[in-house]
Amino acid sequence: MSIISNLEKLKNEIPSQVKLVAVSKTRTKEEILEAYNCGYKAMGENKAQELANKYPNLPTDIDWHFVGHLQTNKIRLIAPFVKMLHSIDSIHILVEVNKEAARINKKIDCLLQFYIADEDTKFGLSLEEAHHLLSSPSYPTLHNINVCGVMGMATYTEDKNQIRKEFKMLKSFYDNLKNSFFKSDTKFKEISMGMSNDYKIAIEEGATIVRIGTEIFGERIYLSPFSKR
Ligand SMILES: *Cc1c(COP(=O)(O)O)cnc(C)c1O
């Protein structure tokens, strides 16, 4: 299968109102351009340095989505051009993103990442922690970020019922926050969930953004066995 035919197949499976972020981590410039030339302009990366290296070598109208765990000392590398950060998991990181965005006179779209999986290798907030974050005194002072919704990763499992249960949980967290904090905020509308092995379930459960790598570009080859997923 080629990148083009993989994207054709996905186009038929993903409703037009759901955004496809092509997760391009580990992929070459040529592979990314192949997807770009099919009309896909939203790309996802999970390492700040890798993204900073790729950015100057690719078309400037690509919307770069950062989906990996974000370290404060890496925000500056990607802040000038990143479209959306999917992995906010503390008020501390949000304050730092805001600071960096203010420094360059920009507003950065952010998603709150939730811990929904049954795997302790994954990051993210609980619903209670998200309430604390959004109620914290510093939150209303952050004028250079937009909190646009939620993101989560389901357990890597064959058990479709478990995956569905986790996506339902993320959707319920989204609804809870929408009602509690964002009722009249039209920017808070995104639910980023679903990867290659579970995007169909995610769409059924209300995803507005799916993040897909392998189904587009093929299996990833990692240089280090320790850097998987
Ligand atoms: C790698 C990655 C994806 C894409 O995974 P695939 O299984 O290749 O589709 C999606 N989201 C995040 C956060 C990732 O790190």
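Before reading further, recall that the structure is shown in the block above.
Only a predicted model underlies this, so the values are computations on that prediction, with no experimental measurement involved.

**Overview of the environment of isoleucine 104**
The residue isoleucine 104 is located in the loop between α5 (91-103) and β5 (108-114) in this model. Along the primary structure isoleucine 104 and asparagine 57 are separated by 47 residues, whereas in three dimensions their C-alpha atoms are 22 Å apart. The contact partners of isoleucine 104, leaving out residues within four places of it in the chain, are Ala79 and Pro80.

**Observations regarding helix α7 (residues 160-181)**
The end-to-end C-alpha distance of α7 is 31 Å, a good match for the 32 Å that 22 residues give at a rise of 1.5 Å each. Within the span of α7, buried status applies to Gln162, Ile163, Glu166, Phe167, Leu170, Phe173, Tyr174, Leu177 and Lys178. Summarising the axial view, the buried residues of α7 lie within an arc of 160°, below the 170-degree limit, and thus occupy one face. Among the exposed residues of α7, those oriented more than 90 degrees off its buried face are Lys160, Asn161 and Lys165. The opening residue of α7 is aspartate 159, an N-cap whose side-chain oxygen sits 3.1 Å from the backbone nitrogen of asparagine 161.

**Regarding the pattern of salt bridges**
Taken as a whole and assessed by the stated rule, the structure comprises 13 salt bridges. Between glutamate 100 and arginine 103 there is a salt bridge, with its nearest N and O atoms 2.7 Å apart. A residue pair is termed a helical-turn pair when its members lie 3 or 4 positions apart in one helix, as glutamate 100 and arginine 103 do in helix α5 at three residues.

**Focus: the packing of helix α6 (residues 127-135) against α7**
At their nearest, the axes of α6 and α7 sit 11 Å apart, and the two run at 25° to each other. The angle between α6 and α7 falls in the class roughly parallel. Crossing handedness for the pair α6 and α7: right-handed. Two secondary-structure elements touch here, α6 through Leu127, Ala130, His131, Leu134 and Ser135 and α7 through Phe173, Asn176, Leu177, Ser180 and Phe181. Tallied by class, the residues present in the contact of α6 with α7 amount to six nonpolar, four polar and no charged.

**A few points about the site of the ligand**
Taken together, Val23, Lys25, Val67, Met151, Met153, Met195, Ser196, Arg211, Ile212, Gly213, Thr214 and Arg220 form the complete shell of residues around the ligand. Within the side chain of lysine 25, a nitrogen or oxygen atom sits 2.7 Å from an oxygen atom of the ligand. Contact distances for the ligand include 2.5 Å between an oxygen atom and a side-chain N or O atom of serine 196. In terms of residue class, the shell around the ligand is built from six nonpolar, three polar and three charged.

Cut-offs and rules
Residues numbered from 1 in each chain as written. Predicted model: local features only at pLDDT ≥ 70, side-chain atom pairs only at ≥ 80, totals over all residues. Heavy atoms only, no water. Helix = DSSP H or I, 4+ residues; strand = E, 2+ residues; numbered from the N terminus. Contact = heavy atoms within 4.5 Å. Expected span 1.5 Å × (residues − 1). Buried < 20%, exposed > 50% of the residue type's maximum accessible area, 1.4 Å probe, protein only. Arc of directions from axis to C-beta. Polar contact = N/O pair within 3.5 Å; in protein donor to acceptor, adjacent residues only side chain to side chain. Salt bridge = Lys/Arg side-chain N within 4 Å of Asp/Glu carboxyl O. Axes fitted to C-alpha atoms, helices over the stretch in contact; angles between N-to-C directions. Parallel < 35°, antiparallel > 145°, perpendicular 65-115°, else oblique. Left-handed = near helix turned anticlockwise from the far one by under 90°. Nonpolar A, V, L, I, M, F, W, Y, C, P; charged D, E, K, R; others polar. Near = heavy atom within 4 Å.

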